[in-house]
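# Remarks on the overall topology
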Amino acid sequence: MVLRPAMSRSVLVLAALSVLLLGSLSAHAQPSTAGEGRRLEAVRVEQGPRVDGVLDDEIWRRIPFTSDFTQKEPEQGKPSTLRTEVAFVYDAEALYVGARMASDKPEDIETVMTRRDESGSAERLIISLDTYRDRRTAYSFAVTAAGVRVDWYHPQDHEYVRDSSYSPVWEARTTQTSEGWVAELRIPFSQLRFNAAEQQVWGLNINRYMPRRNEDTFWVVVPRDVTGWSSHFGELTGIRGVAPSRRIEVVPYLAGDLQAFSGANPRVGTPFESRAPYSGRAGLDAKIGLGPNLTLDATVNPDFGQVDADPAQVNLTAFEIFLQERRPFFTEGSQLLNNSSGYGPAYFYSRRVGGSPRLSASADFVESPRASTIWGAAKLTGRLSSGLSLGALGAFTGDAFADTYDFSSGVQDRVKLDSRTGFGVLRAQQELGPGGSVVGATATTMYRHIGRGQGLTWLLTREAYSGGADFRLRVGSEYFVSGYAGGSLVRGDAAAITRLQESSARFFQRPDQSYVRVDPEATALSGYTLGAKVERVSGEHWLWNASANALSPGFELNDVGRLNTADDLDARLGLTYRETNPGRLLRNWQLGLAAASNWNYGLTRQSSELVLTGAATFPNFWAGEFRVTYLPRALSDSLTRGGPLMRTAQGVDGEISLENSFNDTTRWNVTGALWSFEQGSHGGFVSAGLTLQPHRRLRLGLEPAVFLYTDGMQYVDTLEGGGPGTFGKRYVFGSVQRREVALRLRANLFLSPDLSIEAYAEPFASSGSFSGFGELERAGGTLRRYGSFSRSADGGVELVDGDASLRLDDPDFNLRSFRSNVVLRWEWRLGSTLFLVWQQDRSTPSARTDPLSPRFLGDALTSPGGHTFALKLSWWFPAG
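These numbers come from a predicted model, not from an experiment. (Residues numbered from 1 in each chain as written. Predicted model: local features only at pLDDT ≥ 70, side-chain atom pairs only at ≥ 80, totals over all residues. Heavy atoms only, no water.)

What follows covers the side chain of Thr-833. By secondary structure assignment, the location of Thr-833 is in strand E45 (residues 832–844). Residue Thr-833 is classed as buried on the basis of its relative accessible area, which comes to 9%. Residues contacting Thr-833, with those up to four places away along its chain left out, are Arg-825, Trp-826, Glu-827, Trp-828, Lys-872, Leu-873 and Ser-874. (Helix = DSSP H or I, 4+ residues; strand = E, 2+ residues; numbered from the N terminus. Buried < 20%, exposed > 50% of the residue type's maximum accessible area, 1.4 Å probe, protein only. Contact = heavy atoms within 4.5 Å.)

Okay, structure coming up:
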């Protein structure tokens, strides 16, 4: 691959910018903290109190409680309107928290029941601990007035950046009294990470949240106009003679499932019709402490049957849809495997491990696995006393096959779609000084065992390596400078590398460019990325940011990480004005203006945008947001999917949303959007959410969404016979009228804080009706519409272009689907869980009714599909 001098100069300029930004760090100051001088002392006891939520043990009667709490909301800086008392004791194994929350109207205390790790609108007490005293990270333990436990981890010094995948095993009990409510917590030291020392000094904050009064009180208030969290904590002292635990925990499981079909069994008439509908499996999860600071998590043959299904989607673009990670093994501690600042490449995308096969087979009947089998995985995470955080992951997946059958020939086959694969990820991040500055590095690797004659796997890469270094440095108390640089290398058969070169991430085959080309003999592909960003993150009113980054044409992450497009040069500027102090009309508000542009390495401007945003919170704590975006014309190198440049449409889109107070038991939100562009593209959507709590133990949720729009430039196909202006090809587009309805339904019954029944269902309908066909008139131009078209009885579309007649497969679609998940979850003993699961997955690609018709729900529910009934039982064995 040869790069033009203009492109090379742009890379040098970007690299020089990174050096200049680093040079600005001569003044390095620690931000001031609100918790300086605030201390609480934990009292040592030989035997810890009984955790029953009563506080009648002798120790609670004779130690002092703190009651010095200050409002953050609604009146920042004023004393709390209700008394809260908190004290700490500890023994050799655990830290105990006792708390009394007074109320002038105990009947108004919100005690709605929720599932584990969800607090809803319940009143709650939150204990946050910076056990490393690094002023960057913190563990938070919350208990609601209903006794539900919630926990999360703060991976950076930010009050609202939370990692909810943190899942410690701890206890809490609450009781209601005539004066308010009482909470008692037991947090085992084995569930915390801290440095070995004779005397522990931990950062501490305490928060009582009272939704009925719209009041949020803290032991240490982080001001509204300050971005921070653990750097402002006070101190918890007095903990002596406590050593970090080895933390050996083993959780084996047994699981079995039974499959059934609604409608016709798709296997009827195939050799697979008699396949057993049931299966069983066993596996094991383990957590082992390695020294005082590191934890090894391991899993053998993991099972994630209790996890919600992914939402249904229709993707008419050339780009992959990236899905949210829901599997507990991969979500817990994930911040230690990625750059926690969120700025830079996504070197690791955990859905690559055990994801659906990357290839597909073709036959009359095809049965492919939804996911590759994970044989085993291990993860090492932790933070050393030097301030070095480490995250490492290794995983192995098995072969993936599709069973195929051709009815006419009677040929049965088993096609290999993926080979057994090993994945490796390593992340290290070093803290610099007390101000929140860090430097880090990431490395990933993938090796796929591909032998001769193994199905389609020769189309996949054999080896992939990627990684880079990054930094985020605080300048003074209000500014951060960030940057990164990295690279990638993939190897494989020439067909696999050609497939990457021609993929939607780069389209090297574009005929109207000369700075890259497809090399059909290449067996490797390499590239680089770099970027820099400077931002003001704190301040009374003005915040701003500026960034630039580059991804070279050969940069590739999609074997282990996540990458939409390479061959990009990006620049962005953003400015925000905010008011955080409540006024007569608004509690807070902000306005933002941002401008961004993107070029490829041929210095063709592919897109630009000017964005105006705003947000406000009203005196009743309702909140609203709006966004207006203007997109001027540009030249896209991806619209024709490997063809020449095409002019994009100019237009405007806007979006507005409104939601009621997060303190309300009944929650609702509504979002609407409209857009209008050249070439007849216009439309909008409306989505809403409603959560009801008709009983303190029952919660119902409804999330409808309706999309109605026309895309006037939807790619359809590439045909031969074009003119010289389009290099002999016809790049055919159509105007597609889209109608889409999704309805997400949730019902949760909470029998106790440890026993719940949770149901999720999503009927989905989507249709696309194509008309107004045309083709790219010339490279860099826009659409030229055809004169007429007609649909034939055999499922084709006949197009008339002057004297020429063209034929396409009919691109219209009208599908229905229904996905549901019903889970009974019972934590039958501490850390041990029983799951009963019923899953449905129904779909039909050829519905006859309009998606907006009331019949769409019935069509989705009666579509053919499968049922899976599963039982999973796990035991938690603490061995150290």
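In this section: the confidence of the model for the chain. Mean pLDDT over the chain stands at 89; residues scoring 70 or higher make up 95%. In the predicted structure, residues 1–32 sits below a pLDDT of 50 and forms 56 contacts with residues beyond four places in sequence or in another chain. (pLDDT = per-residue confidence, 0-100.)

Per the counting criterion, the structure on display carries 28 aromatic pairs. Between Trp-229 and Phe-233 the ring centres are 5.1 Å apart and the planes differ by 85°, which places this aromatic pair in the edge-to-face class. Just as Trp-229 is buried, Phe-233 falls in that class too. Seen in terms of ring centroids, Phe-272 and Phe-365 are 5.7 Å apart; in terms of plane orientation they differ by 25°. Their pairing is stacked. Taken together, the positions of Phe-272 in the loop between strand E14 (248–262) and strand E15 (278–290) and Phe-365 in strand E17 (residues 365–367) put the pair 93 residues apart, joining distant regions of the chain. Three or more aromatic residues joined by ring pairs make a cluster, and in this case those are Tyr-139, Phe-141, Tyr-153, Tyr-166 and Trp-170. The positively charged end of Arg-100 is found above the aromatic ring belonging to Phe-65, 4.4 Å away from the centroid. Sitting over the ring of Tyr-253, Lys-872 keeps its end group 5.1 Å from the ring centre. (Phe/Tyr/Trp six-rings, centres within 6.5 Å; stacked < 30°, edge-to-face > 60°. Lys NZ or Arg CZ within 6 Å of the ring centre and 35° of its normal.)

The next subject is the sheet that holds strand E5 (residues 94–102). Strand order in this open sheet of 5 strands is E2-E4-E5-E10-E9, and the pairing throughout is mixed. Since the sheet does not close on itself, it has two edges, and those belong to strand E2 (43–44) and strand E9 (171–177), each with one partner. (Pairing = 2+ DSSP bridges.)

In terms of burial, helix H4 (residues 494–501) is largely enclosed, as 6 of its 8 residues are buried. Buried within H4 we find Ala-494, Ala-496, Ile-497, Thr-498, Leu-500 and Gln-501. Looking at the buried side of H4, the elements it contacts are strand E25 (479–491) and strand E26 (524–536). Taking the backbone nitrogen of Ala-495 as reference, a side-chain oxygen 2.9 Å away marks Asp-493 as the first, capping residue of H4. (Polar contact = N/O pair within 3.5 Å; in protein donor to acceptor, adjacent residues only side chain to side chain.)

Taken together, Leu-591, Leu-593, Leu-610, Leu-612, Phe-626, Val-628, Tyr-630, Val-652 and Ile-656 make up a surface patch of nonpolar side chains, about 750 Å² in accessible area. Put simply, the parts of the chain that give the nonpolar patch at least two residues each are strand E29 (588–599), strand E30 (605–617), strand E31 (623–631) and strand E34 (651–659). Per-element accounting of the nonpolar patch gives the leading share, 3 residues, to E31. Mapped onto the fold, Leu-612 is located in strand E30. For Leu-612, a relative accessible area of 37% corresponds to the partly exposed category. (Patch = residues over 30% accessible without salt bridge, like charges linked within 9 Å, V, L, I, M, F, W, Y side chains within 5 Å. Areas by Shrake-Rupley, 256 points an atom, 1.4 Å probe, with all protein chains shown as cover. Salt bridge = Lys/Arg side-chain N within 4 Å of Asp/Glu carboxyl O.)

Looking now at the sheet that holds strand E21 (residues 411–418). The strand order E17-E20-E21 describes an open sheet built from 3 strands, whose pairing is antiparallel. The open sheet has two free edges, formed respectively by E17 and E21, since each of these has just one partner strand. Along the sheet, successive strands turn relative to each other by an average axial angle of 20°, direction set aside. Pairing between strand E20 (residues 400–406) and E21: 7 bridges, direction antiparallel. Among the inter-strand pairings, Asp-406 is bridged to a residue of E21, identified as Val-411. (Axes fitted to C-alpha atoms, helices over the stretch in contact; angles between N-to-C directions.)

In this structure, Thr-671 sits in strand E35 (residues 667–677). According to the relative accessible area criterion, Thr-671 is buried, its value standing at 14%. Taking the C-alpha atoms as reference points, Thr-671 and Gly-624, separated by 47 residues in sequence, lie 9.6 Å from one another. Leaving out residues up to four positions away in the same chain, Thr-671 has contacts with Glu-655, Ile-656, Ser-657, Phe-685, Val-686 and Ser-687.

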